[in-house]
Amino acid sequence: MEKGTRHRNNTEKNHPGGSESQEADSGGGGVALKKEIGLVSGCAIIVGNIIGSGIFVSPKGVLENAGSVGLALIIWIVTGLITVVGALCYAELGVTIPKSGGDYSYVKDIFGGLAGFLRLWIAVLVIYPTNQAVIALTFSNYVLQPLFPTCFPPESGLRLLAALCLLLLTWINCSSVRWATRVQDVFTAGKLLALGLIIIMGVVQICKGQYFWLEPKNAFDNFQEPDIGLIALAFLQGSFAYGGWNFLNYVTEELVDPHKNLPRAIFISIPLVTFVYVFANVAYVTAMSPQELLASNAVAVTFGEKLLGVMAWIMPISVALSTFGGVNGSLFTSSRAVGPVNCLGPGCMWRREMNMGPWLCAWLFFAGAREGHLPSVLAMIHVKRCTPIPALLFTCISTLLMLVTGDIYTLINYVGFINYLFYGVTVAGQIVLRWKKPDINRPIKVNLLFPIIYLLFWAFLLVFSLWSEPVVCGIGLAIMVTGVPVYFLGIYWQHKPRCFNKFIELLTLVSQKICVVVYPKGAEDLKMEDRNQDMEQQQPICQPPASKDKDAVGP
């Protein structure tokens, strides 16, 4: 392979070739992405990524733990502000360590292989499957709730429908990339229709004078004793709706003038999302009392029944379409391992404008397999369909296991706690990097007050969440700890018995034959290039140098 094809720039490595890609001049075999994302497009990507099914399920959890309408609205606003702070911190890390894998790569480079592996371990086993389980259960709730107008749908029915949704969409994603993208295109419109209806009807209600629960004396009328631990859980519930903000740094490689446009996109988009979320919650309480909202597992359905009359069926259908598309988008993208490889052809063209956020989750699978932290078979694709069948099957099975717990709000607390744990570790790495590498190039450099504010909020959230939900949060911590022996036995231990290595090779070969998958074209070249670039970063950044003489040796 020619030198010009092998040595790609960061844009080529960190983004898959889609419809905007162009062939490299040297060999014609590589692809490079143009800097075509302006400020407006960047804002659209961020807003489209964050707004999803969370706003249809989190309002009940936030209000239930907050104890009053006024405090619940404040929590939605504060969560939006904290999201802005976290996004700015991640933006600095994203341009300082321009590697695929997101916070997994940042934690690994700053704190070492074990910390990075634990981030990957918990993401693959907990975060992605739990997120998909919550979306699937939200879908089944909104489908079944109209059929049970006087009671909650049976849990067994909810789980069964959620499982069928996952299996159907896994089959679609295994069969064809084009089918998956078409499903996504059709069902994405559901969330826009539902949110638009909710906000418009809320404005109409306020104009009619229906704002009893928005008056200060009523808004802060507590229906339960205030508790700091419950307030922390309310923040966890709200943060689920803002999920996806930690992927914003990936946009930098294709942004026009990213040093200016990325912070601007963050300051425009996340406040806009916060505005939409706050007004959606305001709309809910113009039609429902807090007690009515808490009595419903499908708040948008109850809202529609009260205000839309004979057209109330629009709301459950719109939200069901939205959540069905959400499950599809999560499966379509969180399992992808082929992002940075040269998989050419119409069947492999990525629809980034469709769902930028989950698409970026794909990098974690490839980055983990590239570093040897995940089995290489998870980075393989079907020889004809260009679909990552092994990763899709793994994701589907792990998500089905999460459906054992049918309570959506328990799952949100579970995944929210683990998410924030590593968000804080990553932001702490930003401070460590400032201390250990003060002269490293930082195209975007935020004030140190931002990571400090975020870490203070992070500490509050983790301590009091663990205090309020010790079992749920403890299970997440226990799963994370199980990754320690796996790391030392599977990765750190280099000289394994030959029979063990032969067994792994045989298992990989059998998996390849069953799924008819191969390692994507160009991945080996990129793997070697990335490892060559990492030669100077073999030791964690936070570790002191071994000796002066060793520092003098290097490329």
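Criteria and cut-off values
- Residues take numbers from 1 onward in each chain, read along the sequence in its written order.
- Given that the model is predicted, a residue must reach a pLDDT of at least 70 before its local features are reported, and side-chain atom pairs must reach 80 or more before they are shown or counted; all residues, however, enter totals for whole chains, interfaces and linings.
- Side-chain metrics in this entry use all non-hydrogen atoms of the structure; hydrogen atoms and water are not considered.
- Elements are defined by DSSP. Helices are runs of H or I of four residues or more, strands are runs of E of two residues or more, and each kind is numbered from the N terminus.
- In this scheme, a residue with accessible area under 20% of its type's maximum is buried, one over 50% is exposed, and one in between is partly exposed, where area comes from a 1.4 Å probe on protein chains only.
- Accessible surface area values rest on a Shrake-Rupley calculation with a 1.4 Å probe, where residue burial reflects the displayed protein chains alone.
- Nonpolar core, defined: a set of buried Ala, Val, Leu, Ile, Met, Phe, Trp, Tyr and Cys residues in which side-chain atoms within 4.5 Å join the residues together.
- Between two residues, a contact is recorded if the distance between any of their heavy atoms is within 4.5 Å.
- Each Phe, Tyr or Trp ring (for Trp, its six-membered ring) is paired with any other whose centre lies within 6.5 Å, and the angle between the two planes then decides the class: stacked below 30 degrees, edge-to-face above 60, tilted in between.
- Geometrically, a lysine NZ or arginine CZ counts as sitting over a ring once it is within 6 Å of the ring centre and also within 35 degrees of the ring normal.
- Nitrogen and oxygen atoms within 3.5 Å of one another constitute a polar contact, given that in protein one can donate a hydrogen and the other can accept it, and given that sequence-neighbouring residues count only through two side-chain atoms.
- Here a salt bridge means any side-chain nitrogen of Lys or Arg lying within 4 Å of a carboxyl oxygen belonging to Asp or Glu.
- Interaxial angle, 0 to 180 degrees, is taken between N-to-C directions of lines fitted to C-alpha atoms, where a helix line uses only the stretch in contact.
- Orientation is classified from the angle alone, with under 35 degrees giving roughly parallel, over 145 giving roughly antiparallel, 65 to 115 giving roughly perpendicular, and any other angle giving oblique.
- A crossing counts as left-handed when the near helix is turned anticlockwise from the far one by less than a right angle, and as right-handed when that turn is clockwise.
- For this classification, Asp, Glu, Lys and Arg are treated as charged, while Ala, Val, Leu, Ile, Met, Phe, Trp, Tyr, Cys and Pro are nonpolar and the rest, including Gly, are polar.
- A helix is expected to reach a length of 1.5 Å times the quantity of its residues less one.
- Each C-beta atom gives one direction from the helix axis, and the arc is the one those directions make.
- Confidence of the predictor in every single residue is expressed as pLDDT, which spans 0 to 100.

Some words on the overall build of the chain
And then number 1: Helix and strand counts for the chain stand at 24 helices and four strands.
And then number 2: The proportion of buried residues among the 555 residues of the chain is 58%.
And then number 3: As displayed, the chain has an accessible area near 23200 Å², and 66% of this comes from carbon and sulfur atoms.

What to know about the nonpolar core
And then number 1: Ranked by size, the top nonpolar core spans 104 residues in total, and within it Phe56, Ile198, Tyr277, Tyr284, Phe303 and Tyr420 carry the most contacts.
And then number 2: Those residues in contact with Phe303, other than ones at most four positions away along the chain, are Ile198, Met201, Gly202, Ala283, Tyr284, Ala287, Met288 and Met315.
And then number 3: Tyr104, Cys174, Leu392 and Cys515 belong to the second largest nonpolar core, which has 16 residues in total.

As for the packing of aromatic side chains
And then number 1: On inspection of all chains with the given rule, the structure shows 20 aromatic pairs.
And then number 2: Their ring planes at 90° and their centres at 5.1 Å tell us that Phe212 and Trp213 sit as a pair that is edge-to-face.
And then number 3: For Phe212, a relative accessible area of 46% gives the class partly exposed.
And then number 4: Among the aromatic residues, ring-to-ring pairing joins Tyr90, Phe235, Tyr420, Tyr423, Tyr454, Phe457, Phe460 and Phe464 into one connected group.
And then number 5: The positively charged end of Lys436 is found above the aromatic ring belonging to Trp435, 4.1 Å away from the centroid.

Some details on the side chain of Asn65
And then number 1: In this fold, Asn65 is placed in helix α4 (residues 54-66).
And then number 2: The class for Asn65 is buried, based on a relative accessible area of 11%.
And then number 3: A polar side-chain atom of Asn65 sits 2.8 Å from the main-chain carbonyl oxygen of Gly61.

Some words on helix α14 (residues 299-307)
In an α-helix, one full turn covers 3.6 residues, which means residues spaced three or four apart are oriented alike.
And then number 1: Among the residues of α14, those classed as buried are Val299, Ala300, Val301, Thr302, Phe303 and Gly304.
And then number 2: Once α14 finishes, Gly309 follows within two positions and takes phi at roughly 60°, a positive value.

Some thoughts on the pattern of salt bridges
And then number 1: The full count for this structure, using the stated rule, is six salt bridges.
And then number 2: Put simply, Glu92 and Arg434 hold a salt bridge, and the shortest N to O gap is 2.8 Å. Here Arg434 lies in helix α18 (residues 408-436) and Glu92 lies in helix α5 (residues 69-96), a separation of 342 residues in the sequence. For the residue pair Glu92 and Arg434, the accessibility class agrees, reading buried in each case.
And then number 3: Residues participating in the shared-partner salt-bridge network are Glu92, Arg434 and Arg442.

Overview of the packing of helix α7 (residues 113-144) against helix α21 (residues 483-492)
And then number 1: Where α7 contacts α21, the two axes come as close as 10 Å, and the packing angle between them is 120°. In terms of orientation, α7 lies oblique with respect to α21. The chirality of how α7 crosses α21 is right-handed. On α21, the residues touching Gly113, Leu114, Phe117, Leu118 and Trp121 of α7 are Gly483, Val484, Val486, Tyr487, Phe488 and Ile491.
And then number 2: Taken together, the residues of the contact of α7 with α21 break down into nine nonpolar, two polar and no charged.

Let's talk about unusual backbone geometry
And then number 1: One non-glycine residue, Val516, lies in the positive phi region at around 55°.
And then number 2: Structurally, Val516 is set in the loop between α22 (498-515) and β4 (517-518).
And then number 3: Take Val516: its relative accessible area is 37%, and that puts it in the partly exposed class.

A closer look at helix α20 (residues 470-481)
And then number 1: For α20, which comprises 12 residues, the first-to-last C-alpha distance of 16 Å matches the rise-based estimate of 16 Å (1.5 Å per residue) to within 8%.
And then number 2: For α20, the set of buried residues is Val472, Cys473, Gly476 and Met480. Buried residues of α20, seen end-on, are gathered within an arc of 95° and therefore sit on one face of the element.
And then number 3: Where α20 is buried, its residues touch α7, α18, α19 (449-468) and α21.

Topic: the environment of Val383
And then number 1: Tracing the chain through its elements places Val383 in the loop between β3 (381-382) and α17 (389-402).
And then number 2: Along the sequence, Val383 and Val516 sit 133 residues apart, while their C-alpha atoms lie 6.4 Å from each other.
And then number 3: The residues touching Val383, leaving out its near neighbours within four places in the chain, are Val516 and Val518.

Remarks on the confidence of the model for the chain
And then number 1: Summarising the model, the chain shows a mean pLDDT of 76, and 74% of its residues fall at 70 or more.
And then number 2: Low pLDDT (under 50) marks residues 1-33, which in the prediction has 79 contacts with non-local residues, meaning those over four places away or in another chain.
And then number 3: Every residue in residues 542-555 is under pLDDT 50, and counting partners more than four places away or in other chains gives six contacts.

As for the packing of helix α6 (residues 103-111) against α7
And then number 1: At their nearest, the axes of α6 and α7 sit 6 Å apart, and the two run at 160° to each other. It follows from the interaxial angle that α6 and α7 lie roughly antiparallel. Of the two possible hands of crossing, α6 and α7 adopt the one that is right-handed. In contact with Asp103, Tyr104, Val107, Lys108 and Phe111 of α6, α7 contributes Gly113, Ala115, Gly116, Phe117, Arg119 and Leu120.
And then number 2: Residues of the contact of α6 with α7, tallied by class, amount to six nonpolar, two polar and three charged.

Describing the environment of Gly102
And then number 1: Note that Gly102 resides in the loop between α5 and α6.
And then number 2: Gly102 sits 144 residues away from Asn246 along the chain, and the two C-alpha atoms are 8.2 Å apart.

Considering the side chain of Thr96
And then number 1: Residue position: Thr96 is located in helix α5.
And then number 2: Overall, the relative accessible area of 10% leaves Thr96 in the buried class.
And then number 3: Engagement of the side chain of Thr96 in a polar contact is seen with the backbone oxygen of Glu92, the distance being 2.6 Å.
And then number 4: If we skip the residues at most four places from it in the chain, Thr96 touches Leu433, Ile440, Asn441 and Arg442.

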